[in-house]
Amino acid sequence: MTTTATQPYQFRNTSTHLQPLQEMLDPITIDDLQHVGVGTGHNALDVGAGAGSVARHLRERVGPTGAVSAVDLDTTFLSPSDELNVYQRDLRTERLPVKASSLDVITARCVLAYLPTRARLLEQMVTALRPGGRLVLGDIVYARTTVPYAPTAGDADLIVRIVHTILDVLAERGVDLHWGEKVPGLLLDVGLNEVRTRWVAQTWAGGSPGCRLYADHARQLREQLLAANLSAGDLDRFSDMMTDPTVLVRGYEFAATTARKPH
Ligand SMILES: C[S@@+](CC[C@H](N)C(=O)[O-])C[C@H]1O[C@@H](n2cnc3c(N)ncnc32)[C@H](O)[C@@H]1O
């Protein structure tokens, strides 16, 4: 099923959107899955699975005796032939397709911050975990952008302006760019333990997955950026710089949280 009958979210799911995100964040998520000890026979769920790299990684970890479900508004990139149970759901209006206390691990990466129902979904996830089950969460959070290198000072200013306008547009469209910082406290409030958050940010060179993601965001939000007083020339220059390997920018900051439901 595709999103044609549903209202899209802030971005369109395309390979130029999801692929760089996966390349950039998979090492962090895989490290977190290792940290919490997902293994053979586990029952796992990936919420907002996108192009499915996390779900497929979970599939490998849990082996033939485990099970992995993947839920998304847009299931175009999720194939049941990858031995995933794929569910198309609009999580703004529908519940997660899971039973209480049934899951060993639930992942949700770069999803909850986008959804107005994020707090309710977090509650549903906690309820769906069995005692001892783990949450592996992560979202991009607001941070100031800096540019260690661009061809000119004007170029560096332009990159900062565009990245911050992207963040402003997302916030105006309902994305909670502080959600990732609220998550650890919310999880402690509902009784989870072993709560750990890492904030990860690093430089991205032009052409890297991160700069490809910046370029994709600028392309997808072009109309809003033009309405925010950026010119077509500014956006073209930004797009060129995001492929220039000499350019170095501070990437989006990602808050990655793991937690455990007590016995
Ligand atoms: C930024 S992508 C992240 C994809 C994946 N979790 C990853 O990190 O590679 C956000 C995902 O959330 C999904 N999504 C957005 N709104 C949704 C909704 N209302 N219900 C279910 N999924 C939604 C999108 O279709 C997309 O696959």
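The structure displayed is predicted, hence computed values, not measured ones.

(A) Representation of the overall build of the protein within the structure. Counting its regular elements, the protein contains 8 helices and 9 strands. The C-alpha atoms of the protein give a radius of gyration of 19 Å, which matches the 18 Å a tight globule of 263 residues would have. Taken along the three principal axes of its C-alpha coordinates, the protein extends 55 × 40 × 30 Å. Long-range contacts, defined here as pairs at least 24 residues apart, represent 76% of the contacts in the protein between residues at least 6 apart.

(B) Structural view of the site of the ligand. Looking at the ligand, there are 22 residues lining it, with Y9, G48, G50, L73 and L91 nearest. In terms of residue class, the shell around the ligand is built from 11 nonpolar, 5 polar and 6 charged.

(C) Focus on the pairing of strand β5 (residues 129–141). Of all 13 residues in β5, 10 are buried, a share of seventy percent or more. Here strand β4 (residues 103–109) runs beside β5; their pairing, made up of 6 bridges, is parallel. Looking at the pairing, V105 lines up with R134 of β5. Taken together, β4, helix α3 (residues 118–128) and β5 form a β-α-β motif whose crossover is right-handed. Where β5 lies against strand β9 (residues 253–260), 8 bridges are found, and the strand directions are antiparallel. Within the sheet, the bridge partner assigned to L137 lies in β9 and is T257.

(D) Examining the packing of helix α1 (residues 15–36) against helix α6 (residues 209–220) more closely. Running from N to C, α1 and α6 cross one another at 150 degrees; their axes reach a closest spacing of 8 Å. Classed by the angle they form, the pair α1 and α6 counts as roughly antiparallel. For the pair α1 and α6, the crossing hand works out as left-handed. Contacts from T16, H17, P20, L21, E23 and M24 in α1 reach P209, G210, R212, L213, D216 and Q220 in α6.

(E) Seen up close, the pairing of strand β1 (residues 43–47). When you tally the buried positions in β1, you get 5 out of 5 residues, the bulk of the element. Burial along β1 is two-sided: N43, L45 and V47 and A44 and D46, pointing in opposite directions, are all buried. As judged from the 5 bridges shared by β1 and strand β2 (residues 67–72), these two strands associate in the parallel manner. For N43, the partnering residue across the bridge sits in β2 and is A67. Assessed by its sense of winding, the connection that carries the chain from β1 through helix α2 (residues 53–62) to β2 is right-handed. Note: β1 against β4, 4 bridges, orientation parallel. Within the sheet, the bridge partner assigned to L45 lies in β4 and is I106.

(F) Representation of α1. Taking 1.5 Å as the rise per residue, α1 with 22 residues should run 32 Å; its terminal C-alpha atoms sit 29 Å apart, in good agreement. Its axis deflected by about 45 degrees at L25, α1 carries its strongest bend there, up to four residues before the proline P27. Turning to α1, its buried residues number three or more, namely L18, P20, L21, M24, L25, T29, D32 and L33.

(G) Structural detail: the environment of E123. With respect to the helices, strands and loops of the structure, E123 is situated in helix α3. For the pair E123 and L187, spaced 64 residues apart in the sequence, the C-alpha separation amounts to 9.0 Å.

(H) Local environment of the packing of helix α4 (residues 153–172) against helix α8 (residues 232–241). Orientation of α4 relative to α8, taken along the N-to-C sense of each, is 100 degrees, at an axis distance of 10 Å. With respect to α8, the element α4 is oriented roughly perpendicular. Contacts between α4 and α8 involve D155, L158, I159 and I162 on the former and, on the latter, D234, R237, F238 and M241. Its residues assigned to classes, the contact of α4 with α8 shows 5 nonpolar, no polar and 3 charged.

(I) Region of interest: the environment of H217. You can see H217 is positioned in helix α6. In sequence terms H217 and F11 are 206 residues apart; their C-alpha atoms lie 8.0 Å from each other.

(J) Layout of the sheet that holds strand β6 (residues 193–200). Pairing within the open sheet is mixed, and its 7 strands lie in the order β3-β2-β1-β4-β5-β9-β6. For this open sheet the edge positions go to β3 (85–88) and β6, each flanked by a neighbour on one side alone. Strand after strand, the sheet turns through a mean of 15 degrees between neighbouring axes, direction not considered. Relative to the sheet, α1 contacts β4, β5, β6 and β9, its axis offset from that of β5 by approximately 160 degrees. Contacting β5, β6 and β9, helix α5 (residues 179–189) crosses the sheet at an angle of about 160 degrees to β5.

Parameters and conventions
Residues numbered from 1 in each chain as written. Predicted model: local features only at pLDDT ≥ 70, side-chain atom pairs only at ≥ 80, totals over all residues. Helix = DSSP H or I, 4+ residues; strand = E, 2+ residues; numbered from the N terminus. Rg over C-alpha atoms; globule rule 2.2 N^0.38 Å. Contact = placed C-beta atoms within 7 Å. Near = placed C-beta within 6 Å. Nonpolar A, V, L, I, M, F, W, Y, C, P; charged D, E, K, R; others polar. Buried ≥ 20, exposed ≤ 12 C-beta atoms within 10 Å, placed from the backbone. Pairing = 2+ DSSP bridges. Right-handed = clockwise from strand over helix to strand, strands pointing away. Axes fitted to C-alpha atoms, helices over the stretch in contact; angles between N-to-C directions. Parallel < 35°, antiparallel > 145°, perpendicular 65-115°, else oblique. Left-handed = near helix turned anticlockwise from the far one by under 90°. Expected span 1.5 Å × (residues − 1). Bend = angle between axes of the 7 residues up to and from the residue.

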